[in-house]
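Residue-level structure breakdown
Residues per chain, in single letters:
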Amino acid sequence: MSVLVVGSMAIDTVEFAGTGERREVVGGSATFASMAAGLYTDVRMVGVVGKDFPTATLDALKQRRVDTTGVQVAEGETFRWHGRYSPDLSSRESLATHLNVFEHFRPTLPESYRDSRVVLLGNIHPTLQAEVLDQAKSPQLVAADTMNFWIHGTPKELHALLPRVGLLIINEEEARDLSGQRSVVRVGRALQALGPRRIVVKQGEYGAWLFDGDEVFHAPAYPVEQVVDPTGAGDTFAGAMLGYLDAYGDFSPSAFRRAVVHGSALASLCVEHYGTDGVHGATRDRVGARVRAFARLVHAEHDE
Ligand code: AMP
C-alpha cells in the first residue's frame with residue numbers, strides 16, 4: 001500500500017547560536033516526511049518546487065520508494081524559510097517565510113495517487129491540505145500537522161479541516177495555542193473536541209503523548225547526546241509514524257503506540273545531523289536498534 005504526503009518543499013536558512021548558520025539547505029515538511037515514510041513503505045509525494053530546487057534531492061527521494069510524479073516544478077523560486085534557534089535549541093523563531101511558488105500552487109493528485117490508504121497532510125496552508133483530501137478517494141487514515149503560522153494566519157480554514165482529520169500531530173507550544181489549554185491532558189482532550197479522534201502532542205526532547213479515544217500513551221524521546229539541528233524532527237516523526245502504520249496495515253491502538261516509538265526513533269536520528277542528512281542516512285536497522293533501546297529505556301523489573 002502507500003502513504004500520500006503533501007507539504008512544503010523548501011530551501012531553508014537556519015541560524016544557530018554559537019555554531020553559525022546553514023544557508024540555503026534543503027528542507028520542507030514534505031521532504032522530511034517523505035524520506036522518513038519511504039524507509040517503511042511506498043510514498044506518493046505532492047508538492048511544488050521552483051527550478052532552483054536541487055535535482056539531487058528529488059533523485060534521493062526516488063531512490064527511497066518515493067514517487068515524485070505529483071511534485072510540480074513551477075516557474076519561480078522554491079518556498080524559503082529562515083529560522084533561528086535559541087542557544088539550547090529548545091525553541092526557534094521564524095524570521096522569514098517566503099511562499100514563492102507556493103503562492104499560486106494548486107495541488108492536483110495524479111490518478112495513480114487517489115487510492116492511497118494513508119494520507120499525511122504536512123504543514124502547509126489548510127486550504128491546500130483540504131484540496132488534497134478532496135481528491136483522495138477513501139483513505140483509511142488521514143493525519144495532519146500544522147504550525148503557528150497557520151493557527152494564527154488561517155484559523156477558520158484550519159478549524160474547517162480538523163473534523164476531516166483522524167490524527168493530528170502537533171508540537172506542544174502550537175497545541176497550547178490552538179486549544180487555549182496548558183496541561184497536556186487538557187490540551188489533548190480539547191484538541192480531540194475539534195475533530196480528530198487521535199492527537200499526538202510532541203514535546204521535543206521530552207517525548208510525545210498520544211491521545212487515542214479515552215486512552216493516553218507517552219513515549220520519551222530517545223536520549224541523544226548532542227542535538228545538532230532539530231529542523232524537520234516533527235515531520236520526520238510524522239512520516240515514520242504513518243509509514244510504519246501503512247507498512248503493517250494495522251490501525252489498532254497498540255499499532256499506534258508502536259508507531260509513536262518508531263516516530264521518536266527516526267526523529268532522534270534526524271536531529272543528530274544538519275538538515276535532511278540524518279533521515280537520508282538512516283536505515284531500518286538503525287531505527288530498529290533505537291526502537292529496541294526504547295524498550296529498555298522504559299522497562300523496570302518488579303521484584304514481587
Ligand atoms: P519542523 O522542524 O518539523 O517543524 O519542520 C521544519 C520545516 O518546515 C522546515 O524545513 C521549513 O522549510 C518548513 N516550514 C517552516 N515554516 C513553514 C510554513 N509556514 N509552511 C510550511 N512549511 C514550513
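Here is a short report on the structure shown in this document. (Residues numbered from 1 in each chain as written. Predicted model: local features only at pLDDT ≥ 70, side-chain atom pairs only at ≥ 80, totals over all residues. Heavy atoms only, no water.)

When helices and strands are tallied, the protein chain shows 11 helices and 13 strands. Radius of gyration (C-alpha) of the protein chain: 18 Å, near the 19 Å computed for a compact globule of 304 residues. Structurally, the protein chain occupies a C-alpha span of about 70 × 45 × 40 Å along its principal axes. For the protein chain, the residues scored as buried account for 55% of the 304 residues in total. Contacts in the protein chain between residues at least 24 apart in sequence constitute 64% of all its contacts with a sequence separation of at least 6. Of the roughly 13400 Å² that the protein chain leaves accessible, carbon and sulfur atoms contribute 49%. A gap of 4 Å separates the mean positions of the 30 positive and 38 negative side-chain charges of the protein chain. (Helix = DSSP H or I, 4+ residues; strand = E, 2+ residues; numbered from the N terminus. Rg over C-alpha atoms; globule rule 2.2 N^0.38 Å. Buried < 20%, exposed > 50% of the residue type's maximum accessible area, 1.4 Å probe, protein only. Contact = heavy atoms within 4.5 Å. Areas by Shrake-Rupley, 256 points an atom, 1.4 Å probe, with all protein chains shown as cover. Lys, Arg positive; Asp, Glu negative; His and termini not counted. Charge placed at Lys NZ, Arg CZ, Asp CG, Glu CD.)

Let's shift gears to helix H7 (residues 184-192). Along H7, the residues classified as buried are Val-184, Val-187, Gly-188, Leu-191 and Gln-192. Considered in projection along H7, the buried side chains sweep an arc of 130° and stay on one side of the axis. In this structure, the buried side of H7 is in contact with strand S10 (167-171), helix H6 (172-179), strand S11 (198-202) and strand S12 (208-212). (Arc of directions from axis to C-beta.)

On to the packing of helix H9 (residues 253-270) against helix H11 (residues 284-298). Contact pair H9 / H11: the axes reach a minimum separation of 9 Å and the direction vectors enclose 120°. Taken as axis vectors, H9 and H11 run oblique relative to one another. Considering the relative orientation of H9 and H11, their crossing is right-handed. In this structure, H9 uses Val-261, His-262, Ser-264, Ala-265, Leu-266, Ser-268 and Leu-269 to contact H11, whose residues at the interface are Arg-286, Val-287, Arg-290, Val-291 and Phe-294. Counted by class, the contact of H9 with H11 contains seven nonpolar, three polar and two charged residues. (Axes fitted to C-alpha atoms, helices over the stretch in contact; angles between N-to-C directions. Parallel < 35°, antiparallel > 145°, perpendicular 65-115°, else oblique. Left-handed = near helix turned anticlockwise from the far one by under 90°. Nonpolar A, V, L, I, M, F, W, Y, C, P; charged D, E, K, R; others polar.)

Under the criterion given, the structure shown has nine aromatic pairs. Residues Phe-16 and Tyr-85 carry aromatic rings whose centres are separated by 5.6 Å and whose planes lie at 5° to one another, so their mutual orientation is stacked. Pair noted here: Phe-16 is in strand S2 (residues 10-16) and Tyr-85 is in strand S6 (residues 79-85), with a separation of 69 residues, a long-range link. Considered together, Phe-16 and Tyr-85 belong to a single accessibility category, that of buried residues. Three or more aromatic residues link up through ring pairs in this structure, and these residues are Phe-16, Tyr-85 and Tyr-274. A cation sits over an aromatic face here: Arg-198 above Phe-256, 3.8 Å from the ring centre. (Phe/Tyr/Trp six-rings, centres within 6.5 Å; stacked < 30°, edge-to-face > 60°. Lys NZ or Arg CZ within 6 Å of the ring centre and 35° of its normal.)

Before going further, it helps to spend a moment on the sheet that holds strand S1 (residues 2-6). Taken together, the nine strands give an open sheet; going across it, the order is S5-S4-S1-S8-S9-S10-S11-S12-S13, and neighbouring strands pair in mixed fashion. Edge strands, defined here as strands with exactly one partner in the open sheet, are strand S5 (66-74) and strand S13 (215-219). The sheet shows a mean angle of 15° between the axes of neighbouring strands, taken without regard to direction. The pairing of S11 with S12 spans five bridges and is classified as antiparallel. Across the sheet, the residue bridging to Val-200 is Leu-210, located in S12. Most of the contacts of H6 go to S10, to which it runs at about 115°, and overall it touches S10 and S11. (Pairing = 2+ DSSP bridges.)

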